[in-house]
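# Residue-level structure breakdown
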Amino acid sequence: MRDNIYVGLVHYPVYNKNNVVVATSVTNFDIHDISRTCRTYDIKKYFIITPVDAQKELTSRIIGYWTEGNGIEFNKNRNEAFENTELEDSVQSAIETIEKIEGKKPKIITTSAKTFPNTVRYDDLGKEMVEDDSPYLILFGTGWGLTNEIMDLSYKILEPIRGKTKYNHLCVRSAVSIILDRLLGEN
């Protein structure tokens, strides 16, 4: 398995349902479930990206419980899942952290429920990621999606996950699981 793939869950800047740029709240479910999914697919680091001090404080306490506190003995699997979960203030700071670790900037992959000119199929990108030694940062948006500013950073945009209905508002933790499996799973 590749050892230089990163995931970022962006809480700012994202859109709300009125297409206004906002900061969304970090949820306990996303911290836990995405950490576990990232560990399952051997993601090097899972960045929870928020500039909001209160959100950072809460998230740090949750991560600390499982990595430094009583949670270590309570549930070893959860402790292992949180070993690579980190907070970042911005997408740019996550990119800089990866650059320090890898010695080069990552290729930015974004996700959306929409199709764009540089949309790529999962099997094509999954094959590329295995053959290319570049680091990759896969960004997932909360709220109503990543802003145009963040989408413009992308090297490629993954095709939307589609069911057989018109409804298209999958929760982000489910989308992360589906996408990582399509890109990095056994099949």
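Per an unreviewed UniProt entry, the recorded name for the protein chain is tRNA (guanine-N(1)-)-methyltransferase C-terminal domain-containing protein, and the organism is Leptotrichia buccalis.

## Here's the deal with the pattern of salt bridges
Throughout the structure, instances matching the rule amount to 15 salt bridges. The shortest N-O distance in the salt bridge between Lys45 and Glu86 comes to 2.9 Å. Here Glu86 lies in strand β5 (residues 85–88) and Lys45 lies in strand β4 (residues 45–49), a separation of 41 residues in the sequence. Among the residues examined, Glu86 registers a relative accessible area of 26% and is labelled partly exposed. Here Asp132 and Lys107 are joined by a salt bridge, their closest N and O atoms 2.7 Å apart. Highlighted residues: Asp132 in the loop between α6 (122–131) and β8 (136–141) and Lys107 in strand β6 (residues 107–111), separated in sequence by 25 residues. Take Asp132: its relative accessible area is 16%, and that puts it in the buried class.

## Considerations on the packing of aromatic side chains
All chains considered together, the criterion is met by four aromatic pairs. Centroid distance Trp66 to Phe82: 6.4 Å. Interplanar angle 5°. Geometry classified as stacked. Separated by 16 residues along the polypeptide, Trp66 in helix α2 (residues 53–67) and Phe82 in helix α4 (residues 76–82) bring together distant segments of the chain. What makes Trp66 buried here is its relative accessible area of 9%. One aromatic cluster is present, formed by Tyr65, Trp66, Phe74 and Phe82 through successive ring pairs. The positively charged end of Arg182 is found above the aromatic ring belonging to Tyr122, 5.0 Å away from the centroid.

## So, the side chain of Asp30
Topologically, Asp30 is positioned in helix α1 (residues 28–40). At a separation of 3.0 Å, a polar atom in the side chain of Asp30 contacts the side chain of Thr27. Looking at Asp30, its side chain comes within polar contact range of the side chain of Arg173, at 3.0 Å. Other than its neighbours up to four places away in sequence, Asp30 contacts Leu9, Ser35, Tyr46, Val172 and Arg173.

## Examining the nonpolar core
The biggest cluster of nonpolar side chains holds 32 residues, and the ones touching the most others in it are Leu125, Ile138, Phe140, Leu158, Leu180 and Leu183. Of all elements in the fold, only β1 (5–10), α1, β4, α2, α6, β8 and α8 (172–184) reach the threshold of two or more residues within this core. It is α8 that contributes the most residues to this core, seven residues altogether. Those residues in contact with Leu158 that sit more than four places away from it in its chain are Ile109, Thr110, Thr111, Ser112, Thr119, Val120, Tyr122, Leu125, Ile179 and Leu183. Within the second largest apolar cluster, 16 residues are counted, among which are Phe47, Ile98, Leu137 and Leu146.

Parameters at a glance
- Residues numbered from 1 in each chain as written.
- Predicted model: local features only at pLDDT ≥ 70, side-chain atom pairs only at ≥ 80, totals over all residues.
- Heavy atoms only, no water.
- Salt bridge = Lys/Arg side-chain N within 4 Å of Asp/Glu carboxyl O.
- Helix = DSSP H or I, 4+ residues; strand = E, 2+ residues; numbered from the N terminus.
- Buried < 20%, exposed > 50% of the residue type's maximum accessible area, 1.4 Å probe, protein only.
- Phe/Tyr/Trp six-rings, centres within 6.5 Å; stacked < 30°, edge-to-face > 60°.
- Lys NZ or Arg CZ within 6 Å of the ring centre and 35° of its normal.
- Polar contact = N/O pair within 3.5 Å; in protein donor to acceptor, adjacent residues only side chain to side chain.
- Contact = heavy atoms within 4.5 Å.
- Core = buried A, V, L, I, M, F, W, Y, C linked by side-chain atoms within 4.5 Å.

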